[in-house]
Amino acid sequence: MFISPTEINDEPLQEICNNSYPPDEFDDKSFVPVKKLGCAFIAELFHGPTFCFKDLGMSPVINLLSHFATLRNRPTTLLVSTTGDTGPAAVHAVGHVANPLLTIIVHYPHGQISDFQLRQLTTVDSKYVKVASFEGGGDDMDWPIKETLLMNSDNELSGGRTFCGVNSYNIGRPLMQMVHFIWVYLRMVEQLGVQPGDKNCLIDIVLPTGAMGNITGGYMAKQMGVPIGMLCAGVNINDITHRVIESGEFHRKRIQKTLSDAINIEVPYNFERIAFYVTGGNPALIKEWMTTMEQTQRLTLETSWLTRLRKDFRSARVTDDEMCSALRQAYTSFNYVADPHTAVALAAAEKLSYSFTEKSSSKEMMPMAILATASPCKFQKAVTVALGEDGWKSWEEQHFPARAQKTLQKEENESFHYPQKEGASLSEVQSDWRKMMLDIVNVHF
């Protein structure tokens, strides 16, 4: 880990690492198994406590924040907006550290996360955790949270409390997520019989992409020298990432509901980080671009920058029908059941001309891995749409995790709700939501 001994010495750092990845909270002894899927690979990042790749980056970040809250003896409240998996990973980690100085309030768009994800939020038995839904799109809580984080510079306004975000704009998240890209690379070359570091054997990675935090972790790993070829973003019809990679159009559009709700994103905030590296670390240019985006909701890259972006990135846009077809194909061909977001990546790989069969695989194609980001257990509705009731029941009977079954049996806790106000503008509604959020913090933490 990239931490100076003057900040955390070896003993507490080792403890933080051990607490972040307790073996009894992982369903696979290798933590992240990398398996063959036909002639490709699939890396299962979802065997942790909340059955999602977010556990791998979130848990160490939460443990680090807990350490520093104790060191400073200052209460810290984490503010989160989730479209599905970030929230469960965050509340589990906060509940696990059980530090009175570290609390969290998680927000989710009402009706836009799966039933299982909702139960993961509402069944955490911790006085340090609060949950609230809001009537709006997945990005609509971003402004209230951002404005509250700005209070940190004013001790009187913040009431002596530190506010912190742990969505993937927190640099700790992509930093920690670099690790699983390195792990996947090492496991792949091990199976390919290639010497690690061989520049003649690059690997391509296809992954479902929402806020671009995970793909940013991969790009940072590549910048550090990991032999990664192309990073390929699989997106649903909320396709701003695809549009910017294909045509340079980083233009905001309203979210449409999909069966892969966790990657329903209007504006992926980690694009700013990717753009920083693409421009060779040009902060003035990035500030100009992001100011334009903030003011107009539209940024169009010049051809030279688009060409540079496309040296490292590819993308494909996937509809719900295409996602379901890919999920069925994996089940039929390999007896493999994916969650809907991983199925977006499977469909994207096909669209980008990667093949899963030896017969049709091109010798010129790089070795490729799909990142499987969540367990199917979290998405009964979507998997059932793709495979039918019989397909879901078959998978459920054979593979539904015992720990997940316990979540379904837990009693739910009461949560809060932020309503819309008829006739009010979004900014007015967001101001009201921010006040409600701060009231919850002041009363309960």
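Everything that follows concerns the structure shown earlier in this document.
Residues numbered from 1 in each chain as written. Predicted model: local features only at pLDDT ≥ 70, side-chain atom pairs only at ≥ 80, totals over all residues. Heavy atoms only, no water.

Enquirer: Pulling in residues and values, what's your account of the overall build of the protein chain?
Expert: Helix and strand content of the protein chain: 17 helices and 13 strands. For the protein chain, the C-alpha atoms occupy an extent of roughly 65 × 55 × 55 Å along the three principal directions. Relative to its full complement of 445 residues, the protein chain shows a buried share of 56%. Sequence separation of at least 24 residues holds for 76% of the intrachain contacts in the protein chain that already meet a minimum separation of 6. (Helix = DSSP H or I, 4+ residues; strand = E, 2+ residues; numbered from the N terminus. Buried < 20%, exposed > 50% of the residue type's maximum accessible area, 1.4 Å probe, protein only. Contact = heavy atoms within 4.5 Å.)

Enquirer: Residue-level account of unusual backbone geometry, with values.
Expert: Positioned with a positive phi, Phe 31 is a non-glycine residue whose angle comes to about 70°. Owing to a relative accessible area of 28%, Phe 31 belongs among the partly exposed residues under this scheme. Of note, Asn 73 is a non-glycine position whose phi angle comes to about 50°, a positive value. The exposure class assigned to Asn 73 is exposed, which follows from its relative accessible area of 61%.

Enquirer: Explain the sheet that holds strand S1 (residues 34-37) residue by residue, including any values.
Expert: Here we have six strands laid out as an open sheet, ordered S1-S2-S12-S7-S8-S11, and mixed in their pairing. If you trace the sheet from one side to the other, it starts and ends with S1 and strand S11 (313-317), each paired once. Recorded for the sheet is a direction-independent mean angle of 25° between the axes of neighbouring strands. (Pairing = 2+ DSSP bridges. Axes fitted to C-alpha atoms, helices over the stretch in contact; angles between N-to-C directions.)

Enquirer: Lay out the sheet that holds strand S3 (residues 76-81) with the relevant residues and their values.
Expert: Each strand in a sheet pairs with its neighbour through backbone hydrogen bonds, running either in the same direction (parallel) or in the opposite one (antiparallel). With respect to topology, five strands assemble into an open sheet ordered S6-S3-S4-S5-S13, the strand pairing being parallel. A strand with exactly one partner marks an edge of an open sheet, and here the two such strands are strand S6 (162-165) and strand S13 (416-418). Across this sheet, the average inter-strand angle for adjacent strands is 25°, counted without regard to direction. Of the pairings in the sheet, the one linking S3 to S6 comprises four bridges and is parallel in character. By the bridge assignment, Leu 79 is partnered in S6 with Gly 165. Against the sheet, helix H3 (residues 86-97) touches S3, strand S4 (102-109) and strand S5 (129-134), its axis set at about 160° to S4. On top of the sheet, helix H5 (residues 142-149) reaches S3, S4 and S6; it is set at about 160° to S3, its chief contact.

Enquirer: Please provide a residue-by-residue account of empty space enclosed by the protein, values included.
Expert: This model, assessed by the stated rule, comprises three cavities of 30 Å³ or more. Considering the residues around the largest cavity, the lining is formed by 32 residues, among which Lys 54, Thr 86, Gly 210, Ala 211 and Ala 262 are closest to the centre. Elements supplying a minimum of two residues to the lining of the largest cavity: helix H7 (172-192), strand S7 (203-208) and helix H8 (213-223). At three residues, the largest contribution of residues to the lining of the largest cavity is made by H8. (1 Å grid on protein atoms, 1.4 Å probe; cavity = no way out; pocket = protein on both sides within 12 Å on 5 of 7 lines; lining within 4 Å. Points joined across faces, edges and corners; volume = space filled by probe spheres on them.)

Enquirer: Break down the layout of surface pockets for me, citing the residues and quoting the values.
Expert: By volume, the largest pocket amounts to about 970 Å³. Along the walls of the largest pocket sit 27 residues, with Asp 142, Lys 146, Val 267, Tyr 269 and Glu 294 positioned nearest its centre. Secondary structure elements with two or more residues in the lining of the largest pocket: H5, helix H10 (271-278), helix H11 (283-296) and helix H17 (426-444). Here the residues of the lining of the largest pocket are counted per class, giving twelve nonpolar, six polar and nine charged. (Nonpolar A, V, L, I, M, F, W, Y, C, P; charged D, E, K, R; others polar.)

Enquirer: Describe the pairing of strand S8 (residues 228-235), naming the residues involved and giving the relevant values.
Expert: Summarising burial for S8: eight of the eight residues are buried, a large majority. Relative to S8, S7 runs parallel, the two sharing five bridges. Bridge pairing links Pro 208 to Gly 234 in S8. Of the crossover connections in this fold, the one passing from S7 over H8 to the parallel S8 is right-handed. (Right-handed = clockwise from strand over helix to strand, strands pointing away.)

Enquirer: Tell me about the packing of aromatic side chains, and name the residues and values.
Expert: Under the counting rule described, the total for this entry stands at 14 aromatic pairs. An angle of 90° between the planes, with centres 6.2 Å apart, marks the rings of Tyr 219 and Tyr 277 as edge-to-face. Taken together, the residues span a long stretch of sequence, with Tyr 219 in helix H8 and Tyr 277 in helix H10 at a distance of 58 residues. In this structure Tyr 277 comes out as partly exposed when scored by relative accessible area, which is 30%. (Phe/Tyr/Trp six-rings, centres within 6.5 Å; stacked < 30°, edge-to-face > 60°.)

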